[in-house]
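Tertiary structure, described
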Amino acid sequence: EAMGEEGKSPRSSGGRRSSRRSRLNAMNLLNIGYCFLSTLFNVGIGLCGMFGLPTYADQSVHYPTIISPSPYFIVVIWAVIFASQGIFTIFQVTPVLRARPQVQDGVKYYYGLASFLQVLYTLTYNTDMMAISVFIAFGVVASLRSLVQSQNVAQADNTWAEYWLLRFPFHLHLGWMYYVFLLTLQNTFVYLNVNNYVQMISGGISIALIITLSLYHLFWANKPLRIAPPVLLYAAAGILLEKLMPTNYLVQASFHNHTLFIFKVTTLATVVILSILNTIVACRTCRRRDSNDNEEGTDYVNADMV
């Protein structure tokens, strides 16, 4: 039995016992504050229209663009993002997870920075300070990328629970903010009454960037962010749905039918291509995971596969 005790993985014995004995520290408490700040402003205003301000979906409808998704898509994805970060906040104070390097060394203060910038984005975007909100949206993307990169280099147990509870919320947020930055830029062009030709060109560039970012995170990145491509596919599907069943006819009135047809076909092709690529990568990931499970057991997963 002594040899059995010595043979236990440090992940499953000492490391976890020390986590259970750990106490809450400033980082855990600050994360609670960040979540409260995010919920108060981003959920309160962005999703619920608190203080009489428009929601994210209202602004998207008020400043319709050629890459605007169906408003329902906006509400659903933001709700999932903020709910997942709320779940992270709850579980990161539990005895088992509170001292994990993914929380202490990975998340660090980046969650606070991202939450603060997200609040600023909500306050500027939802009060028609469009030009400023573009730069702040870029700041949210930069802060979330820093958080994800910090978690990539922090020590990880690579369990499913650790990934879905401590890492997934920020991967999801970053994937959606890629698209939000592009959409906010387009909203700003509409707000500033930029001519339709510029909007058409920038819309085409935005679709190309959605494809490029998906390819980058699927195949080219050293540390792939597997959640980003499905989120960008979700955004493209929202754009396509709005083209097929428009909720706002201002875009149809602003652009020539040929232009709308080209964008409809291009968006459809984007959805098909990204669906195929995401399916291929998902199948490869499942086969690799099954191979690892057969060799090492079923408790661990390489987060880069997800």
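The structure displayed is predicted, hence computed values, not measured ones. (Residues numbered from 1 in each chain as written. Predicted model: local features only at pLDDT ≥ 70, side-chain atom pairs only at ≥ 80, totals over all residues. Heavy atoms only, no water.)

1. A short note on the overall build of the protein
For clarity, the threshold we go by: Starting at the N terminus, helices and strands are each numbered in turn, a helix being any DSSP run of H or I of at least four residues and a strand any DSSP run of E of at least two. The buried label goes to any residue with under 20% of its type's maximum accessible area, the exposed label to any with over 50%, and the partly exposed label to all in between, with areas taken from a 1.4 Å probe on protein chains only. By the convention used here, residues are in contact when the closest approach between their heavy atoms is within 4.5 Å. All accessible areas in this document rest on Shrake-Rupley with a 1.4 Å probe, and a residue is counted as covered only by the protein chains that are shown.
Summing up its helical and strand segments, the protein has 13 helices and zero strands in all. Each helix (α) and strand (β) of the protein, taken in turn from the N terminus, gives the series α-α-α-α-α-α-α-α-α-α-α-α-α. By residue count, 50% of the 306 residues in the protein fall in the buried class. A separation of at least 24 residues holds for 80% of the contacts in the protein among residues at least 6 apart in sequence. Working note: accessible area of the protein is about 14,400 Å², and carbon and sulfur atoms make up 66% of it.

2. Here's the deal with the packing of aromatic side chains
Our working rule: A pair of Phe, Tyr and Trp rings is counted when the ring centres sit within 6.5 Å of each other, with Trp represented by its six-membered ring. The angle between the planes then sorts it: under 30 degrees is stacked, over 60 is edge-to-face, the rest tilted.
For the structure shown, the criterion picks out 16 aromatic pairs. On the basis of an interplanar angle of 85° and a centroid distance of 5.2 Å, the ring pair of Y163 and W164 is categorised as edge-to-face. Look at Y163 and you get buried, because its relative accessible area is 1%. Given a relative accessible area of 40%, W164 falls into the partly exposed group. A connected cluster of aromatic rings, assembled from ring pairs, spans Y56, F73, W78, F82, Y121, Y125, W176, Y179 and Y234.

3. A closer look at the environment of F189
Along the polypeptide, F189 turns up in helix 9 (residues 160-191). Here F189 falls in the buried class, since its relative accessible area comes to 19%. Setting aside its immediate chain neighbours within four residues, F189 contacts V194, Q199 and S202.

4. Focus: the side chain of Q85
Basically, it comes down to this: Two N or O atoms form a polar contact when they lie within 3.5 Å of each other; inside protein one atom must be a possible hydrogen donor and the other a possible acceptor, and for residues adjacent in sequence the pair counts only when both atoms belong to side chains.
One can find Q85 in helix 5 (residues 71-91). Judged by relative accessible area, Q85 falls into the buried class, the value being 3%. Of note is the side chain of Q85, whose polar atom sits 2.9 Å from the side chain of H173. Once residues lying within four places of it in the same chain are set aside, the contact partners of Q85 are C35, S38, Y111, P169, F170 and H173.

5. Description of the packing of helix 3 (residues 26-47) against helix 5
Going by this rule: The axes are straight lines fitted to the C-alpha atoms, using for helices just the contacting stretch, and the angles between their N-to-C directions are given from 0 to 180°. Here the angle decides the label: under 35 degrees means roughly parallel, over 145 means roughly antiparallel, 65 to 115 means roughly perpendicular, and every other value means oblique. The handedness criterion is simple: a crossing whose near helix is rotated anticlockwise from the far helix by less than a right angle is left-handed, and one whose near helix is rotated clockwise is right-handed. Residue classes follow a fixed rule: Ala, Val, Leu, Ile, Met, Phe, Trp, Tyr, Cys and Pro count as nonpolar, while Asp, Glu, Lys and Arg count as charged, and any other residue, Gly among them, counts as polar.
Put simply, helix 3 and helix 5 touch, their axes get as near as 10 Å, and they point 160° apart. Accordingly, the angle class assigned to the pair helix 3 and helix 5 is roughly antiparallel. In the packing of helix 3 onto helix 5, the handedness of the crossing is left-handed. Taking contact as the criterion, the partners of N31, I32, C35, S38, N42, V43 and L47 in helix 3 are, on helix 5, V75, W78, A79, F82, Q85, G86, F88 and T89. Residues of the contact of helix 3 with helix 5, tallied by class, amount to nine nonpolar, six polar and no charged.

6. Notes on helix 11 (residues 228-244)
Under the convention used in this document: A helix's residues, less one, multiplied by 1.5 Å, set its expected span.
Between its terminal C-alpha atoms helix 11 stretches 24 Å, which fits the 24 Å expected from 17 residues at 1.5 Å a residue. Within helix 11, twelve of the 17 residues are buried, which leaves it mostly tucked inside the rest of the structure. Every buried residue of helix 11 is accounted for by A228, P229, V231, L232, L233, A235, A236, G238, I239, L240, E242 and K243.

7. Thoughts on the confidence of the model for the protein
One rule of thumb: low pLDDT means the predicted coordinates there are not for detailed reading. This is how the line gets drawn: Residue-level confidence of the predictor is summarised by pLDDT, bounded by 0 at the bottom and 100 at the top.
Of the residues in the protein, 88% reach a pLDDT of 70 or more, and the chain-wide mean stands at 88. The low-confidence segment residues 1-20 (pLDDT under 50) makes 19 contacts with residues lying over four places distant or belonging to another chain.

8. Side note on unusual backbone geometry
Within the chain, K108 stands out as a residue other than glycine whose phi angle is a positive 45°. Here K108 shows up in the loop between helix 6 (101-107) and helix 7 (110-125).

9. Here's the deal with the environment of N278
You can see N278 is positioned in helix 13 (residues 257-296). When its relative accessible area of 11% is taken as the criterion, N278 is described as buried. Sequence separation of N278 and S214 is 64 residues, and the distance between their C-alpha atoms is 8.9 Å. With residues up to four places along the chain from it excluded, the contact list for N278 reads L218, P229, P230 and L233.

10. Some words on the nonpolar core
Nonpolar side chains in soluble globular proteins tend to be buried together. Note the cut-off: Among buried residues, the Ala, Val, Leu, Ile, Met, Phe, Trp, Tyr and Cys ones that are joined through side-chain atoms within 4.5 Å form a nonpolar core.
I67, W78, W176, M177 and Y179 are the most contacted members of the largest nonpolar core, which has 50 residues in total. Of all the secondary-structure elements, those providing two or more residues to this core are helix 5, helix 7, helix 8 (130-153), helix 9, helix 10 (196-220), helix 11 and helix 13. In terms of residue count, the dominant contributor to this core is helix 9 (twelve residues). Excluding anything up to four places from it in sequence, W78 contacts L47, Y56, Q118, H173, W176, M177 and V180. In terms of nonpolar packing, the next biggest core, distinct from the first, is built from eleven residues, C35, Y111, L147 and F170 among them.

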